[in-house]
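# Coordinate inspection notes
Residue-level listing of the chains:
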Amino acid sequence: MRFFSVWPIFLAAGEPLSDAPFMSCEGTDVIKRVTWEHVHILVDKWPDIDLPHSRVIRKVLWAITHNEMLEEHFQDCGFALATIILVALRAIDYDDGPEEAQKMFLYLTEQVLPRLEPHMALAARDDWALDLTDLRIYPFLLGLTPQHNCYESDLRIFVYDLPQLTRGVLHCHHGQWGLEALIPHWLRRGSCRTEDPEEADFFLVPWHTWCDRIVYKMNQTRREVSAVYIDLMKRRHEVLPHWTKNDGHDHVFIFSDQGMNFFPEWRDYIPNSVFVVTEALTPRCGPSCFNPWKDLVIPGHTDFFRARRMASFNLPSEQRSLLFNFHGRHPGLNDLYKKNFVRGNIMRVFDGLDGVSVGGFTDDYFERMGSSHFCLVPMGTSSWTNHLYEAFFAGCIPVILSDGFKVPFEDLLDWPSFSIKWPMTDVSLDLYHFLRNIPLNRLRQMKAAVDAHRCWFDWHEMCSPYLAILKELERKQKVLPQTSKPFWRHGKEEA
């Protein structure tokens with residue numbers, strides 16, 4: 001099915017889309033009127049368009065640029081041209097490289113949007129107005145922001161240059177696996193990055209393997225994914241030339257959401273390296289996958305556009321009408337959750353109770369979170385779940401129902417002050433009554449603490465998990481094993 005084939009046609013031929021400036025959208029010899037009508041659908045969806053669809057729109061933009069007709073199309077349908085560029089940027093960055101994406105972004109922000117801004121009110125009348133809030137993170141993602149100071153950390157981190165495994169930050173930062181792209185990108189932009197291996201405390205090995213897997217082969221097997229890692233490690237003396245400095249003890253690898261299951265051979269290749277993970281207890285891997293003395297747990301990633309929408313429904317305690325909520329996958333909806341007794345008990349025990357909202361997916365999920373004093377955080381297919389971190393954006397006190405969930409940054413954050421951890425085997429009316437009996441003043445205090453700690457789980461704010469990662473690495477660097485030299489006093493004796 002062609003991408004455009006599912007889009008409706010709005011107006012009769014010849015009728016202008018609008019009489020406002022830059023919105024006549026009559027079409028040209030290159031871009032027909034019907035294309036502008038299709039683009040109209042994307043005005044409020046551009047932040048969440050996936051890569052395949054971005055590539056489709058990239059072809060439309062290419063037709064304009066190839067014919068050197070940007071200005072002509074801006075005059076004809078400027079708001080549509082801006083929308084096309086916004087959607088196409090993801091594909092440009094991934095397929096053509098950050099330099100090309102930077103050029104198009106600067107054209108958009110310096111030549112297109114300033115001329116459209118005076119006409120936003122008229123554009124809103126005709127549903128062409130663009131919400132550009134999500135554009136705020138693009139300068140950082142495209143490498144256009146100044147170098148930051150790494151919170152004045154003394155750490156020095158060497159980031160390997162592996163272009164074949166790390167392209168497309170603008171696309172690859174999305175979703176739970178976006179950390180694979182965000183953390184290396186943030187370090188590259190900081191003063192703590194060093195290109196001198198002799199002064200490096202750690203060596204970060206970046207890879208966007210999850211991102212590439214999703215783009216190219218949704219049906220890849222674990223063996224096919226692990227082959228990427230194995231190939232890299234077999235060639236480590238070529239592509240990771242500083243590995244032998246400390247036998248890999250000072251090399252850092254990032255694994256998002258059960259990522260270690262897709263590289264079970266890690267025990268053969270990188271057993272001594274530092275693992276940055278979103279879960280300490282990976283299914284089918286067990287405790288051996290996480291060693292607290294060297295590894296660290298980090299928060300899962302919540303997309304910026306999703307986080308800010310949740311935050312917009314964050315109500316004060318006095319205005320919250322629900323005691324607690326949980327909406328998501330459960331045994332009645334998804335085969336992968338058939339044995340998840342925690343979520344099953346939530347549905348069985350709490351459904352229909354006063355002040356409770358539980359069930360599957362719902363269109364007003366963000367509103368329900370923002371209207372609840374508590375958000376239940378049951379285990380998912382493993383001990384961790386991103387429901388925990390979403391609760392912070394909605395200002396909802398998390399109630400963790402996963403005994404094996406190791407929360408991030410325990411040495412830095414006072415988790416009991418802004419969350420509750422309840423035995424997952426006791427999902428019963430005892431929990432319901434316990435939460436109902438918490439005094440309103442205590443609710444206000446915990447809710448205020450949730451809001452105050454939100455930035456520790458926001459990968460797009462500077463007060464952020466990046467600071468906590470640096471602090472954790474500083475602490476681990478002090479106990480990092482130093483591999484002894486293989487020989488000494490070899491050959492000529494000292495005089």
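Going by the annotation in an unreviewed UniProt entry, the name recorded for the protein is Exostosin GT47 domain-containing protein, with Durusdinium trenchii given as the source organism. In UniProt, the protein has this text filed under Sequence similarities (unreviewed entry): "Belongs to the glycosyltransferase 47 family."

## As for the pairing of strand β8 (residues 372-378)
Two faces, one strand: in a regular strand the side chains alternate between the faces of the sheet. Burial runs high along β8: seven of the seven residues are buried. Judged from the three bridges that link them, strand β6 (residues 322-327) and β8 form a sheet pairing that is parallel. In the strand pairing of β8, phenylalanine 324 is matched with phenylalanine 374. Here β8 pairs with strand β9 (residues 397-401) via five bridges, running parallel. Among the inter-strand pairings, leucine 376 is bridged to a residue of β9, identified as valine 399. Note that the unit made of β8, helix α16 (residues 387-393) and β9 has a crossover that is right-handed.

## Some points on the sheet that holds strand β5 (residues 296-297)
The strands making up a sheet are joined through hydrogen bonds of the backbone, oriented either antiparallel or parallel. Here five strands make up an open sheet; going across it, the order is β1-β2-β3-β4-β5 and the pairing parallel. Edge positions in the open sheet fall to β1 (157-159) and β5, since each of these has one partner strand only. Note: β1 against strand β2 (residues 202-205), three bridges, orientation parallel. Within β2, the position partnered with isoleucine 157 by the bridge is phenylalanine 202.

## A few points about the state of the cysteines
Tallied over the full model, the rule gives three disulfides. Here cysteine 25 connects covalently by a disulfide to cysteine 77, the sulfurs 1.9 Å from one another. In this structure the cystine formed by cysteine 25 and cysteine 77 twists about its S-S bond by roughly 75 degrees; its chirality is therefore right-handed. Note that cysteine 25 is positioned in the segment before α1 (33-40) and cysteine 77 in helix α3 (residues 70-96), a separation of 52 residues in sequence. When sorted by exposure, cysteine 25 lands in the same class as cysteine 77, which is buried. Each disulfide pairs two cysteine sulfurs, and for cysteine 375 the partner residue is cysteine 396, the sulfurs being separated by 2.1 Å.

## A look at the sheet that holds strand β10 (residues 420-421)
Strand order in the open sheet formed by five strands is β7-β6-β8-β9-β10, and the pairing between neighbours is parallel. A strand with exactly one partner marks an edge of an open sheet, and here the two such strands are β7 (356-359) and β10. Relative to β10, β9 runs parallel, the two being bridged by two bridges. Pairing of isoleucine 400 across the sheet is with lysine 421, part of β10. Set on the sheet, helix α17 (residues 429-436) makes contact with β6, β7, β8, β9 and β10; between it and β6 the angle comes to about 135 degrees.

## So, the side chain of aspartate 93
Counting through the fold element by element, aspartate 93 comes out in helix α3. For aspartate 93, the contacting residues outside a window of four places in its chain are Pro98, Ala101, Leu142, Gly168, Val169, Leu170 and His171.

## Side note on unusual backbone geometry
One can expect most non-glycine residues to show negative phi and most peptide bonds to be in trans. Within the chain, cysteine 150 stands out as a residue other than glycine whose phi angle is a positive 55 degrees. Considering the arrangement of structural elements, one finds cysteine 150 in the loop between α6 (138-141) and β1. Here cysteine 150 falls in the buried class, since its relative accessible area comes to 0%. Residue tyrosine 151 is not a glycine yet carries a positive backbone phi of 55 degrees. Structurally, tyrosine 151 is set in the loop between α6 and β1. Residue classification places tyrosine 151 among the partly exposed residues on the basis of a relative accessible area of 25%.

## A closer look at the layout of surface pockets
The gaps left among the atoms become clear once a water-sized probe is rolled over them. Size it by volume and the largest pocket reaches roughly 1,700 Å³. Lining the largest pocket are 49 residues, with Gly175, Gln176, Trp177, Asp257 and Arg329 positioned closest to its centre. Put simply, the parts of the chain that give the lining of the largest pocket at least two residues each are α2 (51-66), α7 (169-172), α9 (209-216), α13 (304-311), α15 (365-370) and α16. Here the lining of the largest pocket takes five residues from α9, the largest share from any one element. Counted as a void, the second largest pocket has a volume near 500 Å³. Around the second largest pocket sit 21 residues that line it, and Pro98, Thr166, Val169, His185 and Arg188 are the ones nearest its centre. Contributions of two or more residues to the lining of the second largest pocket are made by α4 (98-116) and α8 (179-188). In terms of residue count, the dominant contributor to the lining of the second largest pocket is α4 (three residues). Residues of the lining of the second largest pocket, tallied by class, amount to seven nonpolar, seven polar and seven charged.

## Brief notes about empty space enclosed by the protein
Tallied over the full model, the rule gives four cavities of 30 Å³ or more. For the largest cavity, the calculated volume is near 110 Å³. Along the walls of the largest cavity sit 13 residues, with Ile157, Ile183, Leu187, Ile469 and Leu473 positioned nearest its centre. When residues of the lining of the largest cavity are traced back to their parent elements, those giving at least two are α8, β2, β3 (251-255) and α19 (465-477).

## Brief notes about the environment of proline 316
With respect to the helices and strands, proline 316 occurs in the loop between α13 and β6. In the structure, proline 316 is positioned 55 residues away from serine 371 in sequence and 8.6 Å away in space, judged by C-alpha atoms.

Reading guide: rules and limits
Residues numbered from 1 in each chain as written. Predicted model: local features only at pLDDT ≥ 70, side-chain atom pairs only at ≥ 80, totals over all residues. Heavy atoms only, no water. UniProt positions renumbered as here; feature names shortened; annotations may be inferred. Buried < 20%, exposed > 50% of the residue type's maximum accessible area, 1.4 Å probe, protein only. Helix = DSSP H or I, 4+ residues; strand = E, 2+ residues; numbered from the N terminus. Pairing = 2+ DSSP bridges. Right-handed = clockwise from strand over helix to strand, strands pointing away. Disulfide = S-S within 2.5 Å. Contact = heavy atoms within 4.5 Å. Axes fitted to C-alpha atoms, helices over the stretch in contact; angles between N-to-C directions. 1 Å grid on protein atoms, 1.4 Å probe; cavity = no way out; pocket = protein on both sides within 12 Å on 5 of 7 lines; lining within 4 Å. Points joined across faces, edges and corners; volume = space filled by probe spheres on them. Nonpolar A, V, L, I, M, F, W, Y, C, P; charged D, E, K, R; others polar.

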